[in-house]
Amino acid sequence: MNAPAKTEDFAIQAPAGVFVETVTSVTHYTDRLFRFRMTRPAEFRFRSGEFAMIGLMVGDKPVYRAYSIASPAWDEELEFFSIKVPDGPLTSHLQAIKPGDKVLMRKKPTGTLVLDALVPGRRLYMFSTGTGIAPFASLIRDPETYEKFEEVILTHTCRDVAELKYGFDLVEEIRNHEFLNEIVGDKLRHYATVTREDYPFKGRVTDLMVNGKFFADLGLPPLDPAIDRGMICGSTAMLKDTKEILEAAGLTEGSNNKPAEFVIERAFVG
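Residues numbered from 1 in each chain as written. Predicted model: local features only at pLDDT ≥ 70, side-chain atom pairs only at ≥ 80, totals over all residues. Heavy atoms only, no water.

Within the UniProt annotation, "domain: FAD-binding FR-type" (unreviewed entry) is assigned to residues 16–116. Between the end C-alpha atoms of residues 16–116 there is a gap of 31 Å, over a span that is 4% helix and 46% strand. (UniProt positions renumbered as here; feature names shortened; annotations may be inferred. Helix = DSSP H or I, 4+ residues; strand = E, 2+ residues; numbered from the N terminus.)

In this structure the tally under the stated criterion is 17 aromatic pairs. Here the aromatic rings of phenylalanine 36 and tyrosine 67 are separated by 6.5 Å at their centres, their planes lie at 70°, and the arrangement is edge-to-face. Taken together, the residues span a long stretch of sequence, with phenylalanine 36 in strand β2 (residues 33–39) and tyrosine 67 in strand β4 (residues 61–68) at a distance of 31 residues. Comparing phenylalanine 36 with tyrosine 67 shows no difference in burial state: the two are buried. Pairing phenylalanine 36 with phenylalanine 80 gives two aromatic rings, centres 5.3 Å apart and planes at 25°, and the pair type is stacked. Residue phenylalanine 36 is located in strand β2, and its partner phenylalanine 80 is located in strand β5 (residues 77–83); the two are separated by 44 residues in the primary sequence. The same class applies to phenylalanine 36 as to phenylalanine 80, namely buried. (Phe/Tyr/Trp six-rings, centres within 6.5 Å; stacked < 30°, edge-to-face > 60°. Buried < 20%, exposed > 50% of the residue type's maximum accessible area, 1.4 Å probe, protein only.)

Looking now at the pattern of salt bridges. For the structure shown, the criterion picks out 24 salt bridges. Residues participating in the shared-partner salt-bridge network are Arg35, Arg37, Asp75, Glu77, Glu79, Arg141 and Glu173. (Salt bridge = Lys/Arg side-chain N within 4 Å of Asp/Glu carboxyl O.)

Laid out in structure tokens, this is it:
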């Protein structure tokens, strides 16, 4: 496998029409998950919840994958939350980045997990597994989310307890933020579950929704298409199962062109 290009080579090798940004910090959560932050181009605009194509020069070719932008639209830097795939064309290299290294980013963001793709409602559910929490990391730190919804419920399901830490760090960051804490107040609720270890909330969130434990734990009624909205990001199986549950409750899938009661992100990282 070819080694990634050295930092000093980027200016020469980077494709035209691509941003070349500098890594500012890297946090490794487990042997499978890490977060990194990098500089944000002054002209780069995106809606919270969208994704960008992130890449590295591997040998003499750029390799890109879709990454949800985990930072909110107002942030001066860009944040991403990634898995580590030992043989992944990109992540096998990306997991080794450190502050000062360069990362490629295509200039146009896109995605369906945006507030504009939902019709107005009262309660917003964000269903995520693994790194699928990334777009919601952006949305739960965006004041517009709380202007549009009275209650925001972030769900995060992982295999092990250690993999939940990023989500807990996000909520703690909001609680300690000088202006976000005041805006969010008690509107944000965080429901984390694991599937492979003992934990107060154990199991796939889809199973917990079907058997009613999810709603009982939160003290909420079943899904109501009149007031409830949903966003889904995670594994292929989770997307399918959650979509079926929401549709069975009477919610309809929406898009940027046709807003409705729930939306799904189908971009993946590898």
